[in-house]
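Each chain, written out:
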Amino acid sequence: MRLLWCATLAAATLSAQSLAAQTPSKQAFAGSQALDDAVNLAIEQGKLPGAVLVVGHDGHIVHFKAYGKRALVPLPEAMTKDTIFDIASLTKVVATTSSLMKLFEQGKFRLNDKITDYIPEFQGGKSDITIRNLFTHFSGLAPDVALDKPWTGYATGIRMAATTKPEGPPGVRWVYSDINFILLGELVHRLSGQMLSEYARQNIFEPLGMKETMFQPPASLVPRIAPTERLRANGPPLRGVVHDPTARNMGGVAGHAGVFSTAVDLARFAQMMLNGGELDGVRLFSPLTIRKFTEPQSPPDQPILRGLGWDIDSPYSGNRGELFPIGSYGHTGFTGTSMWIDPSSQTYVILLANSVHPMVRPALTPLRSKVATIAAAAVGLRPAVFEAARAGRITLTGYNETFTSAGVHREVARNGETLTGLDVLERENFKALAGKRIGLITNQTGVDRNGRRNVDVMLEGGVRVAALFAPEHSFDGTLDVDKIPDSADPKTGIHIYSLYGATMRPTGAMLHGLDALVFDIQDVGARFYTYQTTMFLCMEEAARAHLPFYVLDRPNPITGTHVEGPLLEDALVSNIGHFAGLPVRHGMTMGELARMFNAETKTGADLTVIPLEDWHRGDWFDATGLSWVNPSPNMRSLNAATLYPGLALLESSKAYSVGRGTDAPFEQIGAPFIGGRELAAYLNERLIPGVRVYPAKVGKDEGVRFVLTNRELFDSTRLGLEVAAAIQKLYPGKLDLALDRKLIGSDDVIARIKAGDDPRAIEQSMVDQVAAFVARREPYLLYR
């Protein structure tokens, strides 16, 4: 799973702010005049007849005003703050998503369940579309059911939603679809036995005191309802009847549209979300549920970020403005309504308008954006975000963050001056190792920023290097054999104990006379790269011998933000995966892994990590300013390291090459049974984000070569799953996946590949596991 830059609510509740959401602030709001000017100008330009705008901050309403006209025809009416609006697609989050949050907390469904498990008639019972796909609009379903012929009735609408043929497979393209939420509204019905309108009233609206929020408002409220469109020239506008034609055909109750509400009620709802699920002493949701539904849930290889129901960063998120960070969330409605909520600054912006009255106008995106930007600037967002990050209330993960007056920008790349742990110790004259006889666990990657070997600079600095220990591929990194004997360093004469020969653990005899062990090796960021196992085993032996253990940290070359499953199952722990629960691509440095391993396995090592300086989690190796030294004989480039976690998943297969010994190892695959053109065409048709494939000669065999086109979008294990599935389909029986169990790390994933499951569905099924790992690793991270 790929982690993008996001700011997420860290289970924060505002118990001190359990006051009602509509409590007005006693201080004038700095942005009020600019907000008034922006809305009034849009009205003068004919963009909308009128609006109600409410801004909340830190538990208080800081701006609440009505503008312009509620109605233009048949007679003009002034807009009032208590106007009731057809909130259109805000229904998706206020009613449908919220209702399903309640049912989710009750264990009624799982996000990766297929919708056919609950609506068996959907696509005749044959569909891989999951509930998560529906929530995020990655289902492949069309935008709406057919409206070219007249039809009526709720049951008819559900039948049409269940039988409309998908336009593509799930998980591939983002298509905003009302069908998704028509089905989710019916899911509420099937799980609870109540229509969505009744369930939401009893479980969401009434507990929150949203007294004027409902489907199918009564005639007594019509005078306060903002009218919408005239369906016939010079005819009366819709008023108290839902504007959306599909919801109207369904009788006014549907999962995608139909709710009417006021600014005050929606302010209460937004404050509840900011409070972590609670308002005025009523707890509606767990803070964990709020976080789950409002953090990115899109397929991990997709640039569009959607939560469960909520919008985060998509073509429809213009109402975020230009200052609220990614990680805030909201939604819009076709009639002119919108809501945006920012946990980092404890702010919400609700703009309610009827821009479709008396006729449909262009979307209010420019006005929504201006209003949000003005509000964000007025609440002092930038310092709020920065302080919240420092205090741990939010996490900023993924891209490199740059705080400027224009907001937070995503940096494509940077030119860093990263110092490794070795560089830091060298600058400090190796004070931490003074007077100690050390055993140095290292290889050819153990060089400082100027390219000098660690053993040499340590000896020059007065460190007593008494023994050297070498991992797989030997001290100089030139061997690619099964067993490596002990040797001596030609330059210094220091004995080199092989940790890839008779043992991978240092023995008591090897450790005799040492005062500490120091680990300094560049890893590549994949679970099955054996340098991690070497470190873990050395830590265990250091703990047994009561020796301090130092890790001189180095960058994860393929970033600290991309995390990808599968997670290693307990039964598959081995010398190529010594730490159960670790994903294939973990996004951690060796120092962070050491901290996590020491704590979670209760190894009890006396561990000290010498951290990097000037390394950001979003940095690729080429942003560090460090020189690339091949970590192993066949790991010759950053491109190879990026592809490696996926392509090496199948490396234990017989008669199958990942390009070792060729000019491009881990950038191509080949086998006697592969047809290069056929396999390349198949994989390219799969539209795997961030990579293209072309036929190639791999040794004597045909094969394919991989070219990275966008490494930020690229998911290496998705590629590995796609290659495995393609070979299973095109060349059945040619791969024995049982041989790759320890690399893949999951018997469940292997079983699904064998069963012919779509790799996109397999990848999506791992999202929750990967997210749990990301949360689990948080206490051990050293860098932001």
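To be clear, the structure that these remarks concern was listed above.
Residues numbered from 1 in each chain as written. Predicted model: local features only at pLDDT ≥ 70, side-chain atom pairs only at ≥ 80, totals over all residues. Heavy atoms only, no water.

So what exactly am I meant to see when it comes to the sheet that holds strand S21 (residues 495-498) here?
By way of backbone hydrogen bonds, the strands of a sheet pair with one another, either parallel or antiparallel. Taking strand neighbours across the sheet as the criterion, the seven strands line up as S20-S21-S19-S18-S22-S23-S26 in an open arrangement whose pairing is mixed. Across the chains shown, the open sheet's two edge strands, defined by having one partner strand only, are strand S20 (487-488) and strand S26 (607-610). Pairing between strand S19 (residues 464-470) and S21: three bridges, direction parallel. Bridge pairing links Phe469 to Tyr497 in S21. Across the sheet, helix H16 (residues 590-600) touches strand S22 (516-520), strand S23 (549-552) and S26, and the angle it forms with S26 is around 160°. (Pairing = 2+ DSSP bridges. Helix = DSSP H or I, 4+ residues; strand = E, 2+ residues; numbered from the N terminus. Contact = heavy atoms within 4.5 Å. Axes fitted to C-alpha atoms, helices over the stretch in contact; angles between N-to-C directions.)

What exactly am I supposed to notice about the pairing of strand S28 (residues 691-698) here?
The side chains of a regular strand alternate between both faces of the sheet. With eight bridges connecting them, S28 and strand S29 (residues 701-708) associate as antiparallel partners. Bridge pairing in S29 links Arg692 to Val707. In sequence, S28 turns back onto S29 through a hairpin of two residues, with Gly699 there showing a positive phi of about 65°.

Is there a simple way to explain the pattern of salt bridges in this structure?
A side chain of one charge can pair with a side chain of the opposite charge when the charged atoms of the two come close. All told, the structure shown has 44 salt bridges when counted by the stated rule. For the salt bridge of Arg268 with Asp280, the shortest nitrogen-to-oxygen distance reads 2.8 Å. With Arg268 in helix H8 (residues 263-274) and Asp280 in the loop between strand S8 (278-279) and strand S9 (282-283), the pair connects residues that are 12 residues apart, well separated along the chain. With relative accessibility at 9%, the residue Arg268 sits in the buried group. Its salt-bridge partner being Arg760, residue Asp758 comes within 2.9 Å of it at the nearest N-O pair. The same class applies to Asp758 and to Arg760, which are both buried. Salt bridges sharing common partners tie together Arg686, Arg718, Glu722, Asp758, Arg760 and Glu763. (Salt bridge = Lys/Arg side-chain N within 4 Å of Asp/Glu carboxyl O. Buried < 20%, exposed > 50% of the residue type's maximum accessible area, 1.4 Å probe, protein only.)

Got a minute to help me understand the side chain of Thr164 in this structure?
Among the structural elements, Thr164 can be located in the loop between helix H4 (154-163) and helix H5 (178-192). A polar contact is formed between the side chain of Thr164 and the backbone oxygen of Met160, at a distance of 2.6 Å. Look past the residues within four positions of Thr164 in its chain and what remains in contact with it is Gln123, Leu141, Ala142, Val145 and Ile179. (Polar contact = N/O pair within 3.5 Å; in protein donor to acceptor, adjacent residues only side chain to side chain.)

I keep staring at unusual backbone geometry and nothing clicks. Help me out?
For residues that are not glycine, phi is negative in most cases, and the peptide bond is trans in most cases. For the peptide bond that leads from Val73 to Pro74, omega is 0°, which places it in the cis range. Following Gly565, the chain continues to Pro566 via a peptide bond in cis, the omega torsion being 5°. Its place among the elements puts Pro566 in strand S24 (residues 564-567). A positive phi angle, close to 85°, is found at Ser474, a residue other than glycine. As for its position among the elements, Ser474 is in the loop between S19 and S20. Exposure remark for Ser474: the relative accessible area of 7% places this residue in the buried category.

For this particular structure, what's the right way to read the environment of Val73?
With respect to the secondary-structure elements, Val73 resides in the loop between strand S3 (60-71) and strand S4 (77-78). Taking the C-alpha atoms as reference points, Val73 and Gly435, 362 residues apart in sequence, are found 89 Å from one another. In this view, Val73 contacts Arg230, Pro237, His357 and Pro358; residues no more than four positions away in its chain are not counted.

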